[in-house]
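Per-entry structural report
What follows is the residue order along each chain.
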Amino acid sequence: MSRSFHVAVVGATGAVGIEMLKTLENRNFPVGKLTPLASARSAGKKLKFRGEDITVQELTENSFSGIDIALFSAGGSVSKQFAPIAAKAGCVVVDNSSAFRMDPNVPLVVPEINAEDIKAHKGIIANPNCTTAITLMALYPMHQAFGVKRIFASSYQAVSGTGVKALLELQNQVEQIVTGKPVKIEVYPHQIAFNVLPHIDAWLDNGYTKEEMKMENEGRKIMHLPSFKASVTCVRVPVYRAHSIAVSAEFEKPVSVEGAREAILKAPGIDLMDDPQNNVYPLPLAVTGKYNCQVGRIRKDCAFDNGLCFWVAGDQLLKGAALNAVQIAEELAKIW
Ligand code: NAP
Ligand code: 3JN
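Residues numbered from 1 in each chain as written. Chains lettered and ligands numbered in written order. Predicted model: local features only at pLDDT ≥ 70, side-chain atom pairs only at ≥ 80, totals over all residues. Heavy atoms only, no water.

Between its terminal C-alpha atoms helix H4 (residues 130-146) stretches 24 Å, which fits the 24 Å expected from 17 residues at 1.5 Å a residue. When the local axis directions of H4 are compared, the greatest deviation, roughly 40°, occurs at Met137, which is followed within four positions by the proline Pro141. Burial within H4 is extensive, with 15 of its 17 residues counted as buried. The opening residue of H4 is Asn129, an N-cap whose side-chain oxygen sits 3.0 Å from the backbone nitrogen of Thr131. (Helix = DSSP H or I, 4+ residues; strand = E, 2+ residues; numbered from the N terminus. Expected span 1.5 Å × (residues − 1). Bend = angle between axes of the 7 residues up to and from the residue. Buried < 20%, exposed > 50% of the residue type's maximum accessible area, 1.4 Å probe, protein only. Polar contact = N/O pair within 3.5 Å; in protein donor to acceptor, adjacent residues only side chain to side chain.)

Quick look at the structure:
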């Protein structure tokens, strides 16, 4: 990579945006100039990049002239409004929201699985939902070995998946409870401290939530597997950072635990942490801040034939968002 890029981060002050800056820096992405963008609320704020203070600018329709790559993580409505404007101005958008994920003209990419799809982009490339991306990091190598038909899964999602405000809500509620003060509930419909909420994202007519259906819809597109089925329950847990998912997967071919382990050991971006007798399995605390996801508790499913159960964990701010976006930018840089 000889050239450098003018990179914009839209939503730079958010939970994902901050990680995007750190990931660009830590992976030595060839940033010639960095432009952090956010709402008028944060304009003028300073963020650190490579040891220097850079000033956050307000996102406007004129923000994209001269920018090569724009990493968006300011929510779906901002993406819907500004990503087409950015693409029209000649920059390539990597979008973290669901706004364009299912658009047939927009590649939806986990680089370890379908990096090739990037080549078909028309100015916008979508980053998958974090729970979907982390699950697929473990499921895809097993799919390559045995051919996945369907999964049943439950997620255990950290509060940072909801953004900076939710991190503070958990911290404040824990403090309120241990000091005997009344608990303030602002972000979630119920107290999240010392609780679990089987509710992430908006309800759909089929009784699932939007978050739950992302696994099937996005999984089909990323794995190029239109027959893939997923029945998912997404659950918010009082963990600061990193999502975990318990998966039961049914495959076309006969499975073996050894074969699944071999497939994982050969796969990029996922580590095998599977020695239950010695209490070795993936933990959200252990994957926090790590680029690689971890999978363990791999065992034959006792409820159906050709089935495997496993437990996968990953830092959703990284593999579920910032890291995956920077990896897409790295792939773009190779073909620029
Ligand atoms: P967050 O912590 O609440 O941050 C939101 C960011 O968006 C802030 O920088 C905010 O700027 C900016 N923003 C909000 N409204 C804006 C506007 N009208 N114009 C310009 N900037 C605006 O949220 P987050 O957790 O980083 O998530 C952001 C998005 O990333 C989510 O909505 C989702 O689509 C996607 N995502 C998140 C995760 C995750 O694990 N958190 C995972 C995958 C994808 P101000 O500082 O000015 O308010
Ligand atoms: O709640 C989580 O743990 C992850 C949140 C992801 C998210 C939050 C708001 C909007 C998304 C997403 O990435 O799927 C969206 C969205 O649909 O854009």
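Moving on, we get to the sheet that holds strand S5 (residues 57-58). Ordered in space as S5-S2-S1-S6-S7-S8, the six strands form an open sheet in which the pairing is parallel. Strands with a single pairing partner mark the edges of an open sheet, and in this sheet they are S5 and strand S8 (124-126). Where strand S7 (residues 92-95) meets S8, three bridges bridge the pair, whose relative direction is parallel. Paired with Asp95 across the bridge in S8 is Ala126. Together, strand S1 (5-10), strand S2 (31-38) and strand S6 (69-72) form the strand contacts of helix H1 (residues 15-26), whose direction differs from that of S1 by roughly 160°. (Pairing = 2+ DSSP bridges. Contact = heavy atoms within 4.5 Å. Axes fitted to C-alpha atoms, helices over the stretch in contact; angles between N-to-C directions.)

What follows deals with the site of ligand 2. Near ligand 2, the surroundings consist of 13 residues, among which Ser98, Arg101, Lys214, Arg236 and His243 are the closest. Within the contact set of ligand 2, an oxygen atom lies 3.1 Å away from a side-chain nitrogen or oxygen of Asn129. Taking 420 Å² as the accessible area of ligand 2 by itself, protein coverage stands at 74%. Among the residues forming the shell around ligand 2, the class breakdown is two nonpolar, seven polar and four charged. (Near = heavy atom within 4 Å. Areas by Shrake-Rupley, 256 points an atom, 1.4 Å probe, with all protein chains shown as cover. Nonpolar A, V, L, I, M, F, W, Y, C, P; charged D, E, K, R; others polar.)

Around ligand 1 sit 26 residues, and of these Thr13, Ala15, Val16, Ser39 and Ser42 come closest. A distance of 2.5 Å is found between an oxygen atom of ligand 1 and a side-chain nitrogen or oxygen belonging to Ser39. If you list the elements that add at least two residues to the shell around ligand 1, you get H1 and helix H9 (318-335). Of the residues in the shell around ligand 1, the class split is 11 nonpolar, 14 polar and one charged.

None of the figures reported here should be taken as evidence of function without further support.
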